[in-house]
Amino acid sequence: MRKPFLRLGGLMALLAVALGAFGSHGLKSAVDAAGINTFEIGVRYQFYHAFALLAVGLLLYWRKNKLLTAAGWLFFTGILLFSGSLYLLAMSELFNLNTSALGPITPIGGVAFIAGWACFILATFQKNEKSYRRKGSEEG
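Within each chain, residues carry numbers counting from 1 in the order of the written sequence. Predicted model: local features are reported for residues with pLDDT of at least 70 only, side-chain atom pairs are reported and counted for 80 or more only, and whole-chain, interface and lining totals are derived from all residues. Note: side-chain values were computed over all heavy atoms of the structure, leaving out hydrogens and water.

**Here we look at the nonpolar core**
Rules: Nonpolar cores were defined as sets of buried Ala, Val, Leu, Ile, Met, Phe, Trp, Tyr and Cys residues, with membership established by side-chain atoms within 4.5 Å. Buried residues are those whose accessible area, probed at 1.4 Å on protein chains only, stays under 20% of the maximum for their type, while exposed residues exceed 50% and partly exposed ones sit between those limits. Counting from the N terminus, the helices are the DSSP runs of H or I reaching at least four residues and the strands are the DSSP runs of E reaching at least two. For this analysis, residues touch if any pair of their heavy atoms sits within 4.5 Å.
Formed by 20 residues in total, the largest nonpolar core has its most connected members in Met12, Leu53, Val56, Ala71, Phe75 and Phe120. Of all the elements, helix H3 (residues 66–90) adds the most residues to this core, at seven residues. The residues contacting Leu53, other than those within four sequence positions of it, are Phe5, Leu8, Gly9, Met12, Gly72, Phe75, Phe76 and Ile79.

**Examining the environment of Phe39**
By the element assignment, Phe39 lies in helix H2 (residues 33–62). Owing to a relative accessible area of 2%, Phe39 belongs among the buried residues under this scheme. Apart from residues no more than four positions distant in its own chain, Phe39 is found in contact with Leu19, Phe22, Gly23, Leu27, Tyr87, Ala90 and Met91.

**Topic: unusual backbone geometry**
Positioned with a positive phi, Asn96 is a non-glycine residue whose angle comes to about 55°. By secondary structure assignment, the location of Asn96 is in the loop between helix H4 (92–95) and helix H5 (105–123).

**Structural notes on the packing of aromatic side chains**
Note the threshold: Stacked, tilted and edge-to-face are the three classes assigned to paired rings of Phe, Tyr and Trp, where Trp is represented by its six-membered ring and a pair needs centres within 6.5 Å; plane angles under 30 degrees give stacked, over 60 edge-to-face, the rest tilted.
The tally for this structure, following the rule as stated, stands at 12 aromatic pairs. Measuring from ring centre to ring centre gives 5.6 Å for Tyr45 and Tyr48, while their planes differ by 65°; the resulting arrangement is edge-to-face. One end of the pair is Tyr45 and the other is Tyr48, both in helix H2 and three residues apart, which spans about a single turn. Owing to a relative accessible area of 31%, Tyr45 belongs among the partly exposed residues under this scheme. For the ring pair Tyr61 and Trp62, a centre distance of 5.1 Å and an interplane angle of 80° mean the geometry is edge-to-face. For Trp62, a relative accessible area of 48% puts it in the partly exposed group. By way of ring pairs, the aromatic residues Tyr45, Tyr48, Phe82 and Phe113 are connected into one cluster.

In structure tokens:
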């Protein structure tokens, strides 16, 4: 289960860089200052949680733990809901989007982030269910 989180973490970091550049250069002339700020918050939280996904993937390399796995999926869900809704809110005028449905989605994404961190913390109190690293075995 570690490789999906390493891949998702890398992809989310890559997209955060690309979206950050887009926000800095492509949106400045098309969106007001409040929209740029909203977009930047989405990028910032995406970056934080891309690193969290990478941490989960790395930790799963040494210890298999259901709470770590849950944390990874909650971080990814939070990125999609929290950051994704902020991106849409920031660009709503540009694309003439109806954002009335996005109001409750952003906080749900925030709750997913909080739940992910809670699972991450609780995972440190659990025993390993299985270790991926075994003496004498190499894994690709």
